[in-house]
Amino acid sequence: MARRRKLRIFHIHWGFPPTIGGVETHLSILLPQLVKQGHQVALLTGAFHGEKAHDHFHGVEIFRTPLFDLNWLVKRGLDGLVPDLNRYYLERIGAFAPDIIHTHNMHYFSEPHIKVLNDICQEMNVPLLLTAHNVWDDALFLTLTREVNWSHIIAVSHYIRMEILGVGIDDAMTTTIHHGLDLSKYSLRGKTTKVLRKYPQLKNKKVIFHPARMGLAKGCDVTIKAMRTVLEHVPDAMLVLAGSKNIIDWEVSQEKDIAYFIELIRALGIGGNVLIDVFALDEMPDMYKVSDVIVYPSSVSEPFGLAMLEAFASARPIIVTRMGGMPEVVQDGLSGYVIPPRDFETLSNRIVLLLDNARLSRRLGDTGRNIVEQHYTKEIMTKSHLNVYTKVLQDRAESYQSKHRVKKPKSRKQRT
């Protein structure tokens, strides 16, 4: 088997840890793994208070600029950015000399950012890839998905891929690559003393963990409503909601949502059984370990949902809604439960069932762990990305050779 060529890969996304989000977590797993495989990797991302403009993360070169800070750009506006973007791109990309430029969610948010990059890639003859972590129903999404010269589009789920195909993208131009995890961070053994010391109210409690950032789209209100019924059957249950901090939100609505959740908790009289806090990425494995049931009742079409894999890796049963890409991963009754969206009664019934039946809960959790080990590791995910890179570069090389092939002159015999 031929050895894979070592590549120079330039990734671009709006945020990176300490910014919190699914794409940011995905990049924090994928990029160091590419470095581990011997490739040179850089990431261009948004500026973050207290973080250096040029730094390194497990061998990945990180460039941060206000030009990619969406929270700043929404206040500033996009007018007049083209000269600065062109100058910055040429400086960073020119110095790195990439074989591949791989963007994430640049088929939305800002037309100038991707149109300038598209022109530069055409001039430099560098393939431009997109990973679509989301889709949107508006004209900007259509424009940037269809009119940019993408060399290939990676979708994070079959659901996202079908949405991309639905707006007219050739199926040969798209590939589904599910996320993968670093399973070494999700040990099934070990103590949870650290997290219980920080949150003593969780000790000897039945813990229900809602790991998605707080928002109506993530179904936090559904979980809160279900919690009232859960407490009627399991009085020692505790609900843990992951608060929101250091996130990217083009149109900020989080504060309004959180204010509603707090008022809903107060109105239902369940404040003593609800914990809300912000958890860093390195704290999440311990939060899963101390939990009995994971819930992710998204009210919108979730593109994928890393929480599913994190629950699986922690051998914890998870309850999700039949929305977006989540049913691709969670099989109802086998590795968790899949329920209708916004159905807090069914959610509460499933939670109570799992809290009351340790054997069932353990069986679902063990099945989830087996599934993530076989299909959703960082190694599998990285190999799939490298396969796409190799194919794109091969196709480009063959296309170039075809266009520039020198025709041999006919022999004297052929001419006569």
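For every chain, the first residue of the written sequence is number 1, and numbering continues from 1 along that sequence. Per-residue local features are limited, in this predicted model, to residues with pLDDT of at least 70; the limit for side-chain atom pairs, both in listing and counting, is 80 or more; totals at the level of whole chains, interfaces and linings are taken over all residues. The side-chain figures draw on all heavy atoms in the structure; neither hydrogens nor water molecules are used.

*Asks:* How should I be thinking about helix α12 (residues 344-356) in this particular structure?
*Replies:* Side chains of residues three or four places apart in an α-helix project in the same direction, reflecting 3.6 residues per turn. With 13 residues, α12 should reach 18 Å at 1.5 Å per residue; the first-to-last C-alpha distance of 18 Å fits that figure. Residue burial is assigned from relative accessible area. The probe radius is 1.4 Å, only protein chains are included, and a residue is buried under 20% of its type maximum, exposed over 50%, and partly exposed in between. Under the scheme used here, helices are H or I runs from DSSP no shorter than 4 residues and strands are E runs no shorter than 2 residues, and both carry numbers assigned from the N terminus. Buried within α12 we find L347, S348, I351, V352, L354 and L355. Angularly, the buried residues of α12 cover 165 degrees about the axis, an arc narrow enough to put them on a single face. Across α12 from its buried face, at more than 90 degrees, point the exposed residues E345 and D356. Any helix carries an expected span of 1.5 Å times its number of residues minus one. For this quantity, the arc is that covered by the directions from the helix axis to the C-beta atoms.

*Asks:* Could you clarify how one ought to interpret the pattern of salt bridges in this entry?
*Replies:* Where charged atoms from two side chains of opposite charge come close, those side chains can pair. When a carboxyl oxygen of Asp or Glu is within 4 Å of a side-chain nitrogen of Lys or Arg, the pair counts as a salt bridge. Evaluation of the coordinates by the stated rule reveals 11 salt bridges. Across the pair K115 and E111 runs a salt bridge whose closest N-O atoms are separated by 2.8 Å. Highlighted residues: K115 and E111, both in helix α4 (residues 111-124), separated by 4 residues, approximately one helical turn. The partner of E263 in a salt bridge is R266, with the nearest N and O atoms 2.5 Å apart. Here E263 pairs with R266, and both are found in helix α9 (residues 254-268), just 3 residues apart, close to one helical turn. By relative accessible area, which is 55% here, R266 ends up exposed.

*Asks:* Can you walk me through the side chain of K289 in this structure?
*Replies:* By the element assignment, K289 lies in helix α10 (residues 284-290). The sign given to each residue is positive for Lys and Arg and negative for Asp and Glu; His and the chain ends receive no count. Although buried, K289 forms no salt bridge, and the nearest oppositely charged side chain, D286, lies 4.3 Å from it. With residues near it in sequence (within four places) discarded, K289 still touches S187, R189, G190, K191, T192 and R316. Two residues form a contact once any of their heavy atoms are found within 4.5 Å.

*Asks:* Is there a simple way to explain the environment of T192 in this structure?
*Replies:* Within the secondary structure, T192 sits in the loop between β8 (174-176) and α7 (193-198). Between the alpha carbons of T192 and Q374 there is a distance of 27 Å; along the sequence they are 182 residues apart. The residues contacting T192, other than those within four sequence positions of it, are K289 and V290.

*Asks:* I keep staring at the packing of aromatic side chains and nothing clicks. Help me out?
*Replies:* When we look at a pair of aromatic rings, we describe it by the centre distance and by the angle of the planes. To pair, rings of Phe, Tyr and Trp, with the six-membered ring standing in for Trp, must have centres within 6.5 Å; the planes then decide the type, stacked if under 30 degrees apart, edge-to-face if over 60, and tilted in the middle. Under the definition given, this model contains 13 aromatic pairs. Ring geometry for Y108 versus F109: centroids 5.4 Å apart, planes at 65 degrees, classification edge-to-face. Assessed through its relative accessible area of 14%, Y108 is described here as buried. One aromatic cluster is present, built from ring pairs that chain together W14, F68, Y89, Y108, F109 and W136. A ring has a charge above it when a Lys NZ or an Arg CZ is no more than 6 Å from the ring centre and no more than 35 degrees off the ring normal. The ring of F96 carries the charged tip of R8 above its face, separated from the ring centre by 4.5 Å. A cation over a ring is seen here: R350 above Y337, with NZ or CZ 5.0 Å from the ring centre.

*Asks:* I would appreciate a short explanation of the layout of surface pockets in the present structure.
*Replies:* In this approach the atoms are scanned with a rolling probe the size of a water molecule, which exposes any empty space left behind. Here a cavity means grid points, on a 1 Å grid over the protein atoms only, where a 1.4 Å probe fits yet cannot get out; a pocket means an open set of points with protein on both sides within 12 Å along at least five of seven lines; lining residues are those with an atom within 4 Å of a point. Grid points are joined across faces, edges and corners, and a volume is the space filled by probe spheres set on the points. Here the second largest pocket is characterised by a volume of approximately 560 Å³. Surrounding the second largest pocket, 24 residues form its lining, S28, F57, H58, K185 and L281 being those nearest its centre. Those elements giving two or more residues to the lining of the second largest pocket turn out to be α1 (22-36), β3 (54-57), β4 (60-65) and α10. Per-element accounting of the lining of the second largest pocket gives the leading share, 5 residues, to α1.

*Asks:* When you look at the side chain of T103 in this model, what are you seeing that I'm missing?
*Replies:* Among the secondary structure elements, T103 is positioned in strand β5 (residues 100-104). Exposure remark for T103: the relative accessible area of 0% places this residue in the buried category. Setting aside residues up to four positions removed in sequence, T103 forms contacts with I12, L117, L128, L129, L130, T131 and W150.

*Asks:* Help me understand the sheet that holds strand β6 (residues 128-132), please; the structure alone is not making it clear to me.
*Replies:* The strands making up a sheet associate through hydrogen bonds between their backbones, and the pairing can be parallel or antiparallel. Taken together, the 8 strands give an open sheet; going across it, the order is β3-β4-β2-β1-β5-β6-β7-β8, and neighbouring strands pair in mixed fashion. Edge positions in the sheet fall to β3 and β8, since each of these pairs with one other strand and no more. Each neighbouring strand pair of the sheet contributes to a mean axis angle of 25 degrees, computed without reference to strand direction. To obtain each axis, a line is fitted to C-alpha atoms, and for helices this fit is confined to the stretch in contact; angles are then taken between N-to-C directions over 0 to 180 degrees. Together, β6, β7 (152-155) and β8 form the strand contacts of helix α6 (residues 158-166), whose direction differs from that of β8 by roughly 165 degrees. By definition, two strands form a pair when at least two bridges between them are found by DSSP.

*Asks:* What's the story with the pairing of β4 in this structure? I'm lost.
*Replies:* When a strand is regular, its side chains alternate between the sheet's two faces. The element β4 is extensively covered by neighbouring structure, given that 5 of its 6 residues are classed as buried. Note: β3 against β4, 4 bridges, orientation antiparallel. Paired with H54 across the bridge in β4 is F63. Taken together, β3 and the strand that follows it, β4, pair antiparallel across an intervening segment of 2 residues, in which H58 is found at a positive phi of about 50 degrees.

Remember, this is a structural readout, not a statement about activity or role.
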